[in-house]
2 protein chains.
Amino acid sequence: MRAKVIVAVDAMGGDNAPNEVIKGSVRALANKNLHIKLFGPEDIIRSELANHDYDESRIEIIHAPEIVKMDESPTKAVRTKQNSSMIMAVNSVKEGFCDALVSAGNSGALLAGSTSIIGRIKGIERPVLGTPLPNAKDITFLLDSGANMDCKPSYLVQFAKMGSIYMEFVHKKPNPRVALINVGMEREKGNALTKEVYTLLENEKTINFIGNIEARSIPKGECDVAVCDAFVGNVILKYTEGMAGSLMGMIKEELMATTLSKIGAMMARGSFVKIKKRFDYAEIGGAPFLGLKRVVIKAHGSSDHRAIRSAIHQAYVFSSLRLCEEIEKYCLMNKSLDR
Amino acid sequence: MRAKVIVAVDAMGGDNAPNEVIKGSVRALANKNLHIKLFGPEDIIRSELANHDYDESRIEIIHAPEIVKMDESPTKAVRTKQNSSMIMAVNSVKEGFCDALVSAGNSGALLAGSTSIIGRIKGIERPVLGTPLPNAKDITFLLDSGANMDCKPSYLVQFAKMGSIYMEFVHKKPNPRVALINVGMEREKGNALTKEVYTLLENEKTINFIGNIEARSIPKGECDVAVCDAFVGNVILKYTEGMAGSLMGMIKEELMATTLSKIGAMMARGSFVKIKKRFDYAEIGGAPFLGLKRVVIKAHGSSDHRAIRSAIHQAYVFSSLRLCEEIEKYCLMNKSLDR
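The model shown is predicted, which means the values in this text are computed figures rather than measured ones.

Calculation rules
- Residues numbered from 1 in each chain as written.
- Chains lettered and ligands numbered in written order.
- Predicted model: local features only at pLDDT ≥ 70, side-chain atom pairs only at ≥ 80, totals over all residues.
- Heavy atoms only, no water.
- Helix = DSSP H or I, 4+ residues; strand = E, 2+ residues; numbered from the N terminus.
- Rg over C-alpha atoms; globule rule 2.2 N^0.38 Å.
- Contact = heavy atoms within 4.5 Å.
- Areas by Shrake-Rupley, 256 points an atom, 1.4 Å probe, with all protein chains shown as cover.
- Lys, Arg positive; Asp, Glu negative; His and termini not counted.
- Charge placed at Lys NZ, Arg CZ, Asp CG, Glu CD.
- Phe/Tyr/Trp six-rings, centres within 6.5 Å; stacked < 30°, edge-to-face > 60°.
- Buried < 20%, exposed > 50% of the residue type's maximum accessible area, 1.4 Å probe, protein only.
- Axes fitted to C-alpha atoms, helices over the stretch in contact; angles between N-to-C directions.
- Parallel < 35°, antiparallel > 145°, perpendicular 65-115°, else oblique.
- Left-handed = near helix turned anticlockwise from the far one by under 90°.
- Nonpolar A, V, L, I, M, F, W, Y, C, P; charged D, E, K, R; others polar.
- Least-squares fit on C-alpha atoms with pLDDT ≥ 70 in both.
- Arc of directions from axis to C-beta.
- Pairing = 2+ DSSP bridges.
- Buried area = accessible area lost by both parts, 1.4 Å probe.
- Salt bridge = Lys/Arg side-chain N within 4 Å of Asp/Glu carboxyl O.
- pLDDT = per-residue confidence, 0-100.

**Points about the overall build of chain A**
Next, step 1: Along chain A, the regular secondary structure elements total 12 helices and 11 strands.
Next, step 2: Against the 2.2 N^0.38 benchmark of 20 Å for 339 residues, chain A shows a C-alpha radius of gyration of 21 Å, consistent with a compact globule.
Next, step 3: In terms of overall dimensions, chain A has C-alpha extents of about 65 × 60 × 40 Å along its principal axes.
Next, step 4: Within chain A, residue pairs in contact and separated by at least 24 positions form 71% of the contacts whose partners lie at least 6 positions apart.
Next, step 5: A total accessible area of about 13,900 Å² is found for chain A, and carbon and sulfur atoms account for 52% of it.
Next, step 6: Averaged over its 45 positive side-chain charges, chain A has a centre that lies 3 Å from the centre of its 39 negative ones.

This is the structure we're talking about:
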């Protein structure tokens, strides 16, 4: 692991910025190898930091007067908001002042900015957003979970490979099982895209392709890497959140209906806390954009300080493990990723 | 409502055929207006029927010696299995011997057979599979949930209209709220397909289009009709089943972990039974193929007798309400559905 990692944090990104972002950043400093540069309006960050005790030698404020709004057009934001906390943070990584970047801000702008400023690894057609999803046993890495809505078959093959490298290097899974998200297990199932991708993945010797998987099998932990286009990935991702939430809501409602079930629920309270924790995205933190030359982590827009701390920790780990360099090495070695 | 409805039942379709299909058919006869023709090998059906008491004047056996297998190629099945229970049942509806059809067999073959034999309503580009999904308040009708994996924008507009007619006539929802399943609420979100469909739906005066919906909002009951292509629809449908199952599994596991929570769970047992019932597909039954000239219901492959009974009841209701005729009437009135 690297001795020292400097993480650029977009202090103004996300629904709970800047207070939760700054609180999460301060907490992340529990890792002594970590240094943080906070990007945003200096006065706002300074007054927020005044609420915390922290090692001043390891947090630096970089004044960025502008803010990229959550609903702003990504390309316009990149073009016109050069002095925003997000774009200045991206530039600091590009210039080598920081090793990695964390933002809970506008996803599209973060992707567009990172791609155009930091740049893609040579051979990678499209950067991809990968999200670690909790399953019954461990983690399934879902990609693309948000970057490319309309995909060519070759993109998905690259996603599969980048996902494999991620699971191998970060989660220490040797020979990770890669599955294609589809509407059935049989190879002839699916739409035009999945049919073509199936054949390509089958012929890709560097990937441990185990075939199609139905979305419902993901929570069972039947694969380590699940690939799909970002439309399908995003539907699955958000549905997981929604279903978990509304099922727990229904359970709560039912349990509160009678005195007997109320008492029962109180006695079983510990169990419910544990289940809720399994679906708690704050415990996971963020999702990396893979295929870029540097580590860029997209934290959930509604991140609280725990999620931010967790995302910064991820940035530290990925940077220490030289995840981008591993993907680059693979691209150099493997002709199939070259264009 | 029609006085008498004759439903053709594919006695050999589904994982639990013929016993559960026949048991469900017998139970469905509780509705005195219902007559059933059971298609399949006569000896098998006869010996199965011997286990039940029923009104013999309202069940007829039509001998069909062949069976369409669950994994058989749909087009090949339609071409070569003219004497199968499924295809003979389809023909009986086409010829007018039966009013409606229920099968839990091979979905692709049922769709291909119904489309080529019974035929599409004039003006309808593609028949669509619509599935009623339970939500926090009532039902959301999801379509396409299985028929068309690769869709043109115009297909989705027709799905929206057929879904509206279904919710209005079957579920008595005046002016049903139609939403487009997408990865965000904003109109510019999504892939090439959804962007184009959004504009078309917006301009469709006969539809109460309320905009995009994220899959996670479906369980909250924020729309009555949710449209998407069958790839996305099938992912959502199967994921709902999978998530409900694995969450309930996790809860059970956690509750059994300590004596205290075990006792608590026993006290709250009634609540869990109620929740399970809400996600129990047997209570809902089947999914109609809309856009065909006659009522065709696809029952879930794993249907038990309750699901079959429920699917036959749906066939009775749709036929009585003249659902196909309503769609046909709309097509005649509305130029936008004409080709």
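That covers the picture; the talk isn't over yet.
**A few points about the packing of aromatic side chains**
Residue and element names in this part refer to chain A.
Next, step 1: Evaluated as defined, the whole model comprises six aromatic pairs over all chains.
Next, step 2: Seen in terms of ring centroids, F141 and Y166 are 3.8 Å apart; in terms of plane orientation they differ by 10°. Their pairing is stacked. Of the two residues, F141 is situated in strand β6 (residues 139-143) and Y166 in helix α6 (residues 153-169); the sequence distance between them amounts to 25 residues. For the pair F141 and Y166, a shared accessibility class is recorded, and that class is buried.
Next, step 3: Following the ring pairs from residue to residue traces out a cluster consisting of F141, Y166 and F318.

**Quick word on the packing of helix α1 (residues 19-28) of chain B against helix α2 (residues 42-49) of chain B**
The relative placement of two packed helices is expressed as an angle between their axes plus a distance between the axes.
Residue and element names in this part refer to chain B.
Next, step 1: Put simply, α1 and α2 touch, their axes get as near as 10 Å, and they point 60° apart. When the axes of α1 and α2 are compared, the pair comes out oblique. Here the hand of the crossing between α1 and α2 comes out right-handed. In this structure, α1 contributes N19, I22 and V26 to the contact, and α2 contributes I45, E48 and L49.
Next, step 2: Counted by class, the contact of α1 with α2 contains four nonpolar, one polar and one charged residues.

**Focus: the relation of the copies chain B and chain A**
Next, step 1: The transformation that overlays chain B on chain A combines an axial shift of 0.0 Å with a rotation of 180°, and the residual RMSD is 0.1 Å. Here the symmetry operator amounts to a two-fold rotation axis. No C-alpha of chain B lies nearer the rotation axis than that of G264 of chain B, which sits 1.9 Å from it.
Next, step 2: Most of the interface of chain B is mirrored in chain A: 100% of its interface residues are interface residues there too.

**Side note on helix α7 (residues 192-202) of chain A**
Since the α-helix packs 3.6 residues into each turn, any two residues three or four apart lie on the same face.
Next, step 1: Of the positions making up α7 of chain A, those classed as buried are L193, T194, V197, Y198 and L201 of chain A. Viewed end-on, α7 of chain A has its buried residues packed into an arc of 130°, placing them on one side of the element.

**So, the sheet that holds strand β6 (residues 139-143) of chain B**
Residues and elements named next belong to chain B.
Next, step 1: With respect to topology, 11 strands assemble into an open sheet ordered β3-β2-β1-β4-β11-β10-β5-β6-β9-β7-β8, the strand pairing being mixed. Looking at strand neighbours, the two that pair on one side only are β3 (59-63) and β8 (208-213), the edges of this open sheet. When strand polarity is set aside, the average angle formed by the axes of neighbouring strands in this sheet is 25°.
Next, step 2: Alignment of strand β4 (residues 100-103) against strand β11 (residues 295-299), held across four bridges, turns out to be parallel. Its bridge partner lying in β11, S103 is registered against K298.
Next, step 3: In the packing of helix α11 (residues 305-320) onto the sheet, the strands contacted are β1 (5-10), β2 (34-40), β4, β5 (128-134), β10 (286-290) and β11, and the crossing angle to β11 comes to about 160°.

**Quick look at the interface of chain B and chain A**
Next, step 1: With 45 residues of chain B in contact, the opposing surface of chain A contributes 45 residues.
Next, step 2: Considering only the side of chain B, the residues that lose the most area to chain A are F231, Y239 and M267 of chain B, jointly responsible for 16% of the buried surface there.
Next, step 3: Here chain B and chain A share two salt bridges between them.
Next, step 4: Put simply, the parts of the chain that give the side of chain B that touches chain A at least two residues each are α7 (192-202), α8 (230-255), α9 (259-267) and α10 (269-278) of chain B.

**Regarding the pattern of salt bridges**
Next, step 1: This model, assessed by the stated rule, comprises 26 salt bridges over all chains.
Next, step 2: In this structure, the salt-bridge partner of K173 of chain B is D138 of chain B, at a minimum N-O distance of 3.6 Å. Note that K173 of chain B is positioned in the loop between α6 (153-169) and β7 (177-181) and D138 of chain B in the loop between β5 and β6, a separation of 35 residues in sequence.
Next, step 3: The partly exposed category is assigned to K173 of chain B, whose relative accessible area is 23%.
Next, step 4: Residue classification places D138 of chain B among the partly exposed residues on the basis of a relative accessible area of 35%.
Next, step 5: Because the salt bridges share partners, they merge into one network encompassing D138, K173, R177 and D224 of chain A.

**Thoughts on the confidence of the model for chain A**
Next, step 1: Of the residues in chain A, 94% reach a pLDDT of 70 or more, and the chain-wide mean stands at 91.
Next, step 2: Overall fold confidence for the complex sits at a pTM of 0.87, while the interface term, ipTM, reaches 0.84.

**Quick look at α1 of chain B**
All names here are of chain B.
Next, step 1: Judged by how many residues are buried, α1 sits mostly within the fold: seven of 10 residues are covered.
Next, step 2: All of the buried residues in α1 are E20, V21, I22, G24, S25, V26 and A28.
Next, step 3: Packed against the buried residues of α1 are β1, β2, α2, β3 and α11.

**Considering the sheet that holds strand β5 (residues 128-134) of chain A**
All names here are of chain A.
Next, step 1: With mixed pairing, the 11 strands of this open sheet are ordered in space as β3-β2-β1-β4-β11-β10-β5-β6-β9-β7-β8. Here the strands that pair on one side only, and so sit at the sheet edges, are β3 (59-63) and β8 (208-213). Neighbour-to-neighbour, the strand axes of the sheet open up by a mean angle of 25°, direction not taken into account.
Next, step 2: Taken together, the four bridges between strand β10 (residues 286-290) and strand β11 (residues 295-299) define a ladder with antiparallel strand orientation. For G286, the partnering residue across the bridge sits in β11 and is A299.
Next, step 3: Each of β1 (5-10), β2 (34-40) and β3 is contacted by helix α1 (residues 19-28), which is oriented at about 165° to β2, the strand it contacts most.
Next, step 4: Across the sheet, helix α5 (residues 107-117) touches β4 (100-103), β10 and β11, and the angle it forms with β11 is around 175°.

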